[in-house]
Amino acid sequence: MARPEDLDPVLAELATRVTKALEAAGLPGAEPDFERPRQPEHGDWATTVALRLAKPAQRAPRDIAQAVVDHIELPAAVQSVDIAGPGFVNFRLSHAYFEDVVERIVAQGDRYGRRQRDEGQREMINIEFVSANPTGPLHVGSGRWAATGDSLAALLEADGHGVVREYYVNDAGEQVRRFGESIVLVARGELLGEDHYKGEYILDLAREIRLEFGDDFFVAGDGIHFPEDAHITGELSAQRVRERAADGPHDTGASGMVEPTLAAKVGEIGVRKMRDRIADVLRDMGVEFDVWFSERVMHDSGAVEQTIDELREKGETYEQDGALFLHTTAYGDDKDRVLVRSDGRPTYFAADCAYFRDKWQRDHTRLIYLLGADHHGYVGRLQAAARSLGIPEDRLEIRIGQLVNLLRGGEPVRMSKRAGELVTLDEVIEEVGSDVTRYHFLRQSLDSMIDFDLDEVVKQSMENPVYYVQYAYARINSLVRTADDRGFAHGELDEADLGRLTAPAELELLRKLAELPEVVAEAAELLATQRLTRYAEELASSFHRFYTECRILPSDDPDASSSTTLLDTTDEERAAAEALGRARYWLAVAAKQVLRNVLDILRVSAPERM
RNA sequence: GCCCCCGUAGCUCAGUGGAUAGAGCACCGGCCUCCGGAGCCGGAAGCGUAGGUUCGAUUCCUACCGGGGGUACCA
């Protein structure tokens, strides 16, 4: 459990002092907990230790709180302490503490908010996400996992861990053959069956492969040739594709047969092409995977057989009806799972096991899976598989995210790859942009279903909160540019008198800036990106208020202030105003840095101008 | 049937046992002679229902109501 006192030496010291105060008062020892009060009047930190101790100590909470206050020696950075409500002990930090925060932010730059961990504390985390089958383009729903997984990875890095972003490519087995068959049939202008993949992209692939490998590529042994006029064929096929898709379940099946070896070959080529396209779209979204793990390669290497052997040797398996089962119920699964079918072919589940083994052997200390709710049924068997392979229970974390509800004008749009009726991620990115799309997904909890109404998102893109945050950043950049243009003498940070920052808006912003390290730690622990987006919005809000209420640069308009101020202003007052301006300038610079650091973790761009 | 997620303001959502439950959108009323109005300030409005645990419950437990998803020798 991340505790705020682990992140802040001042708070750690305060915790020690509270413990000592309890001892000095003759009260039972207790770990004081700290939380940030909602109301600013309640100070910067509060502990409920008096409330918790009331029962074991047999004393009224307020009495205990009073005893703490009477006996505590406050650290220098803590200005005051008082008791409130039923027995809260509230602490207020000194202004010097916040001045120090500004200095730390400017000194640490990009590192502010990030955690440095010792070797022993640092994990090597593998996070697997998206992993959509490479038999079709990514749809909008996958965008949620792309955005969330990538930002979680950045978040865990910020929390001081090593992270590997991984995509498991299901490029083996029956579906690849069927995928290849679909391409061949379309290339030949034949009808597709109910189980075939449909959609314009199949036609595109057929064209592409024909161009690359030549007209004869799709020639079948029985004399069926790839039609000479590709254009006409294409139109025909596309039309038929649509008809068949609309036809639905009473489909009678494909009009032609495809040789298994050709289907496999074409499937392999098609999958490779689709994988590249998927990688392109993800890159457009700013997501770069470290590892594209091929299931086929794993099969070819014999790793699946080895894993099955290993499981057999460990006594985790048994045979029944000619099939080999993994005894997953021993680890809480609903039913035992088949590893090898009675016909000798390994199941996908066997590959999943082998994949686990591979990942674990690559020296990861923690495995995270980000899965959609449609895969919820897999959790039990995946957990069991990991345990069977000797991966400790707490080293595997499977996070289920609720699905994205794709709408268009309030009407549901089906997202079925086979039916070919899907709205692809690249279309959406092109239409509304990567930042808006990402932020939209990152803003909500994984537990909540997201409505993605294409019409609404396009309409609302200008009022998306991401612009609110980015605007704050652009605004500060503009301020800095203007300061430079006018030759504003902001001096160095250590020359600025930050003690002058005492206006409510200034204090609010200072407090908010100080929160980042703990927001990062909490978000990382909970794997919750929405903690970061909320913080970003709060920070932007604090800045906007500060900017509105607190003039930073001196007015460039001599007439503007001449009538009253210039005449009445003494040198002393003018010097004070200048000093305040310099302090505010550095506060704005610190805010800019923190906004940038948050946006970096969200992996949303921080524009200098908008 | 069993399992998982959700139910918080008119709408979309935050809030991992603490004090007076917060944002955005929408609505109403204000705010720039000057650093970016994509902004700021103010107003109205809410924890599905019923029990339980606790000093304290939106949060944890149970039941019920309502919505979504999952339950293959599929891939």
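Notes on the structure follow. (Residues numbered from 1 in each chain as written. Chains lettered and ligands numbered in written order. Predicted model: local features only at pLDDT ≥ 70, side-chain atom pairs only at ≥ 80, totals over all residues. Heavy atoms only, no water.)

## Observations regarding the pairing of strand E10 (residues 366-372)
The criterion, for reference: When a residue's accessible area, from a 1.4 Å probe over protein chains only, is under 20% of the maximum for its type it is buried; when over 50% it is exposed; and in between it is partly exposed. Helix numbers and strand numbers start at the N terminus; a helix is a DSSP run of H or I with at least 4 residues, a strand a run of E with at least 2. Strand pairing is defined by DSSP finding a minimum of two bridges between the two strands. A crossover gets the label right-handed when its path from the first strand over the helix to the second runs clockwise, viewed with the strands pointing away from the viewer.
Counting buried positions along E10 gives seven out of seven residues, so the element sits mostly inside the fold. Here E10 shows two buried faces, one formed by Arg-366, Ile-368, Leu-370 and Gly-372 and the other by Leu-367, Tyr-369 and Leu-371. Pairing analysis gives four bridges linking strand E4 (residues 124-128) to E10, with the strands arranged parallel. Opposite Ile-125, over in E10, you have Arg-366 as the bridge partner. The sheet contact formed by E10 and strand E11 (residues 396-401) spans six bridges and is parallel. Across the sheet, the residue bridging to Leu-370 is Arg-399, located in E11. Regarding the hand of the β-α-β motif, the stretch spanning E10, helix H14 (residues 379-388) and E11 is right-handed.

## Some remarks on the protein's contact with RNA strand B
Spelled out, the test is: Note on terminology: near, applied to a residue and a molecule or strand, indicates that one of the residue's heavy atoms is within 4 Å of it. Think of a polar contact as two N or O atoms within 3.5 Å of one another; within protein, one of them needs to be a possible hydrogen donor and the other a possible acceptor, and neighboring residues in sequence only count if both atoms come from side chains. Gly falls in the polar group here, along with every residue not listed as nonpolar (Ala, Val, Leu, Ile, Met, Phe, Trp, Tyr, Cys, Pro) or charged (Asp, Glu, Lys, Arg).
If you check the shell around RNA strand B, you find 64 residues, and the closest are Lys-55, Gln-175, Arg-341, Tyr-378 and Arg-475. The share of sugar and phosphate among atoms of RNA strand B within 4 Å of the protein is 59%. Backbone polar atom of Ser-445 to a phosphate oxygen of RNA strand B: 2.6 Å apart, as the coordinates give it. Separating a phosphate oxygen of RNA strand B from a side-chain N or O atom of Tyr-468 is a distance of 2.5 Å. Only helix H3 (49-57), strand E3 (88-93), helix H7 (174-187), helix H18 (465-485), helix H20 (516-526) and helix H21 (529-549) provide two or more residues apiece to the surface near RNA strand B. Considering only residue class, the surface near RNA strand B consists of 24 nonpolar, 19 polar and 21 charged.

## As for the sheet that holds strand E13 (residues 411-412)
Where we set the bar: Note on definitions: a residue-residue contact is assigned when non-hydrogen atoms from the two residues lie within 4.5 Å. To get an axis, fit a line to the C-alpha atoms, keeping to the stretch in contact for a helix; angles then go from 0 to 180 degrees between the N-to-C directions.
Within the open sheet, the three strands sit side by side as E13-E12-E14. Their pairing is mixed. Looking at which strands have only one partner, the edges of the open sheet turn out to be E13 and strand E14 (450-453). Pairing geometry for strand E12 (residues 404-408) and E14, over four bridges, is parallel. Bridge pairing in E14 places Asn-405 opposite Asp-451. Packed onto the sheet, helix H16 (residues 434-442) meets E12 and E14 and runs at close to 155° relative to E14.

## Here we look at the nonpolar core
How we decide: Take the buried residues of types Ala, Val, Leu, Ile, Met, Phe, Trp, Tyr and Cys, join any two whose side-chain atoms come within 4.5 Å, and each joined set is a nonpolar core.
Counting residues in hydrophobic clusters, the biggest one holds 124 residues, and the most contacted among them are Leu-22, Val-130, Tyr-167, Phe-452, Leu-513, Phe-546 and Val-594. Here this core gets 13 residues from one element, more than from any other, and that element is helix H23 (residues 571-602). Setting aside its immediate chain neighbours within four residues, Tyr-167 contacts Phe-129, Val-130, Ser-131, Ala-132, Leu-138, Ile-278, Leu-282, Phe-289, Val-291, Trp-292 and Phe-293. Core analysis: the second largest hydrophobic core is formed by 30 residues, Ala-303, Ile-308, Ala-354 and Tyr-369 among them.

## Here we look at the packing of aromatic side chains
Condition: Each pair of aromatic rings taken from Phe, Tyr and Trp, with Trp reduced to its six-membered ring, is defined by centres within 6.5 Å and is described as stacked if the planes are under 30 degrees apart, edge-to-face if over 60, and tilted in the remaining cases.
Overall, the coordinates contain 19 aromatic pairs when judged by the stated rule. Consider the rings of Phe-543 and Tyr-547, whose centres lie 5.7 Å apart with planes at 40°: the pair is tilted. Of this pair, Phe-543 and Tyr-547 both sit in helix H21, four residues apart, roughly one helical turn. Exposure remark for Phe-543: the relative accessible area of 0% places this residue in the buried category. Site record: aromatic cluster; members linked through ring pairs are Phe-129, Tyr-167, Phe-289 and Trp-292.

## Brief notes about the pattern of salt bridges
Formally: For this document, the term salt bridge refers to a Lys or Arg side-chain nitrogen within 4 Å of an Asp or Glu carboxyl oxygen.
Under the defined criterion, the tally for this structure stands at 47 salt bridges. Between Glu-128 and Lys-359 there is a salt bridge, with its nearest N and O atoms 2.9 Å apart. Of this pair, Glu-128 sits in strand E4 while Lys-359 sits in helix H13 (residues 348-361), and the two are 231 residues apart along the sequence. Like Glu-128, the residue Lys-359 is buried in the burial classification. The closest approach of N and O atoms between Lys-512 and Glu-538, which form a salt bridge, is 2.9 Å. Residue Lys-512 is found in helix H19 (residues 504-514), and its partner Glu-538 is found in helix H21; the two are separated by 26 residues along the sequence. Residues joined in a network through salt bridges with shared partners are Asp-150, Glu-157, Arg-165, Arg-438 and Arg-603.

## Focus on the environment of Glu-23
The topology assignment puts Glu-23 in helix H2 (residues 9-24). Sequence-wise, Glu-23 and Val-68 are 45 residues apart; in three dimensions their C-alpha atoms are separated by 9.2 Å.

## Let's talk about the sheet that holds strand E8 (residues 323-326)
Ordered by their spatial adjacency, three strands build an open sheet running E7-E8-E9, and the pairing between neighbours is antiparallel. Every other strand in the sheet has two partners, leaving strand E7 (317-320) and strand E9 (337-340) as the edge strands with one partner each. Strand-to-strand, the axes of this sheet are offset by a mean angle of 45°, without reference to chain direction.

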